[in-house]
Amino acid sequence: MTTLSFDSLNPATGEIVGSHPKQTADAVHEAVGKAEKAAAWWAGLAPAERRRRLLDYKAVIAQHIKELAALVHDETGKPVGDATLEIVLAITHIDWAARNAHKVLGRRRVATGMIGLNLSATLEYLPLGVVGVIGPWNYPVFTPMGSIAYALAAGNAVVFKPSELTPGVGVRLAELFAESVPEQPVFQTVTGLGETGAALASDPRVKKVAFTGSTATAKRVMAACAENLTPIVAECGGKDAFIVDADADLRAAADACLWGAMSNAGQTCVGVERVYVVDAVYEGFIRELSERVATVKAGDQYGPITMPGQLDIIKRHIDDATKSGKVVTGGPDSVRPPYVDPVIVEDVPEDSPAVREETFGPTITVRRTRDAQEALELANASAYGLAGTIFSRNTRRAMELARMMRSGMTAVNSVISFAGVPALPFGGVGDSGFGRIHGADGLREFARPKAISRQRFAMPGMNLTSFARGADEIERLISLVTFLHGRRKR
């Protein structure tokens, strides 16, 4: 029987990078079955043994950085330097997850309070079993590894379905893991199109699904998960805002804004798409931004649009924005498939597609605001809520604005810096999804809390959970509760 296959292509050249099987539902179910057995073995290892193996995996990836970066470049088109950066970030997250898993998830005693004086109580976080990860193409190492590494560190086995645009990267990540953990298929990759991902999400033996992709696709994955009440953590992209306050360092702000918007051809979920600048510094900021963008060109500083279908969305947004706003640089002619040169447009109406919808290309809209408060209100007036940026020299004010920004993460006087801090959770609100990867929250996302209470001795004269309980015991309970909790605070 011939196995159907598909090719991964270099988006810049159209050349075939590799061919991979379209794995059927049966093949996916077989992989999940293997993962179930591997999960039992992996969870049974001492935490120190899992830690050792994961740290070894980190070392193996580090030894293969150049090879892996070249493969990422071939399948996504991004510059090798950018591919290297995302692999380095992934390595730091594997390291953090391995070193901190037991401290975050291990058994610990918790206070029982006066009512539970005769009890001891413990809390720990146990592995789920098999975790399914459905990854994106824009950061094919860093993004899925934020789920894979944390799920593995929490004691789970992983079946990974990479994007059909970057299957080779996903296959190689699993192959490198097998060098560190050859005993069992704890981390497997299955390749294919949407049907392969659907088969993974709908398998009842998968105890959690981690998904990264569009909001529309997330809803379909959730529907598949709902059949078995399988929980899901979903990161669904964003329309991130960049606020420049009146006292901001304009040179630094413009530099960060440009990189946050244009790097990876704008194909970054936490990239800059909307810019709000306080009136007092608007002209200076636009001048700084214009000078810098003149040196940036697609094919030089960043690569092509990886997913061909995204070009239509980008062009539609550019056409709409340039008709209603004032062009700073670029325009409809910036779209020259498979590349898109930088586009910056001022004064685009807030209800336009270029402002409301995720563009996922090297384009930004810039708007003048009365003050930072108006900028914050406009930034928060979005269905998305993934990340954002504040530039201000006033640390207290910047932190206040960051806290009030409706987003899962906010960077201050930097851009996307939170992604490089493994201890910080990563995830969004609204149409940007729910749940968290990275950090202690990311470890707990792939574990189930287990609570145990143990009676150390019988409470004299107060056996409350018995049919032999008397009225005098209730009176003693009322007296105790009134003493502990009956005083009003004024």
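Note: the structure precedes this text.
Just so it is clear, the structure is predicted and the values come from calculations on it, not from any experiment.

Student: Please set out the packing of aromatic side chains residue by residue, giving values where relevant.
Tutor: Under the defined criterion, the tally for this structure stands at 9 aromatic pairs. Aromatic side chains Trp41 and Trp42 sit 6.1 Å apart centroid to centroid with 40 degrees between the ring planes, which places their arrangement in the tilted category. Taking the relative accessible area as the measure of exposure, Trp42 reaches 0% and is therefore buried. These aromatic residues form a ring-pair network of at least three members: Trp41, Trp42, Tyr57, Phe160, Phe177 and Phe187.

Student: Account for a nonpolar patch on the surface, naming residues and giving values.
Tutor: Judged by side-chain polarity, Met114, Leu117 and Phe457 come together as a nonpolar surface patch covering roughly 260 Å² of accessible area. Of note, Leu117 is situated in the loop between strand 3 (108-110) and strand 4 (119-127). Its relative accessible area of 42% is what places Leu117 among the partly exposed residues.

Student: Report on the pairing of strand 16 (residues 363-369), specifying residues and quantitative values.
Tutor: The buried fraction of strand 16 amounts to 5 of the 7 residues, a majority that puts the element mostly inside the structure. Where strand 11 (residues 272-278) meets strand 16, 5 bridges bridge the pair, whose relative direction is parallel. Its bridge partner being in strand 16, Arg274 is matched across the sheet by Thr365. Where strand 15 (residues 343-346) and strand 16 come together, 4 bridges link them in parallel fashion. Bridge pairing links Glu346 to Val366 in strand 16.

Student: Explain the side chain of Thr191 residue by residue, including any values.
Tutor: Its location among the elements puts Thr191 in the loop between strand 7 (187-189) and helix 7 (194-202). Classification of Thr191 by relative accessible area gives buried; the value is 3%. Polar contacts involving the side chain of Thr191 include one to the main-chain carbonyl oxygen of Pro21, which spans 2.7 Å. Beyond its immediate chain neighbours, meaning those up to four positions away, Thr191 contacts Phe6, His20, Pro21, Lys22, Gln23, Pro167, Val171 and Thr196.

Student: How would you summarise the packing of helix 2 (residues 47-63) against helix 5 (residues 142-153) if you had to cite specific residues and measurements?
Tutor: Between two packed helices, both the angle of their axes relative to each other and the distance between the axes serve to describe the pair. Put simply, helix 2 and helix 5 touch, their axes get as near as 10 Å, and they point 155 degrees apart. By the angle between their axes, helix 2 is roughly antiparallel relative to helix 5. Contacts from Arg50, Leu54 and Tyr57 in helix 2 reach Met145, Leu152 and Ala153 in helix 5.

Student: I'd like to hear about the state of the cysteines, residue by residue, with values.
Tutor: Under the definition given, this model contains 0 disulfides. Not engaged in a disulfide, the cysteine Cys236 finds its nearest cysteine sulfur in Cys269; these two sulfurs lie 9.0 Å apart. Using a relative accessible area of 4% as the deciding quantity, one classes Cys236 as buried. Exposure remark for Cys269: the relative accessible area of 12% places this residue in the buried category.

The rules behind each value
Residues numbered from 1 in each chain as written. Predicted model: local features only at pLDDT ≥ 70, side-chain atom pairs only at ≥ 80, totals over all residues. Heavy atoms only, no water. Phe/Tyr/Trp six-rings, centres within 6.5 Å; stacked < 30°, edge-to-face > 60°. Buried < 20%, exposed > 50% of the residue type's maximum accessible area, 1.4 Å probe, protein only. Patch = residues over 30% accessible without salt bridge, like charges linked within 9 Å, V, L, I, M, F, W, Y side chains within 5 Å. Areas by Shrake-Rupley, 256 points an atom, 1.4 Å probe, with all protein chains shown as cover. Salt bridge = Lys/Arg side-chain N within 4 Å of Asp/Glu carboxyl O. Helix = DSSP H or I, 4+ residues; strand = E, 2+ residues; numbered from the N terminus. Pairing = 2+ DSSP bridges. Polar contact = N/O pair within 3.5 Å; in protein donor to acceptor, adjacent residues only side chain to side chain. Contact = heavy atoms within 4.5 Å. Axes fitted to C-alpha atoms, helices over the stretch in contact; angles between N-to-C directions. Parallel < 35°, antiparallel > 145°, perpendicular 65-115°, else oblique. Disulfide = S-S within 2.5 Å.

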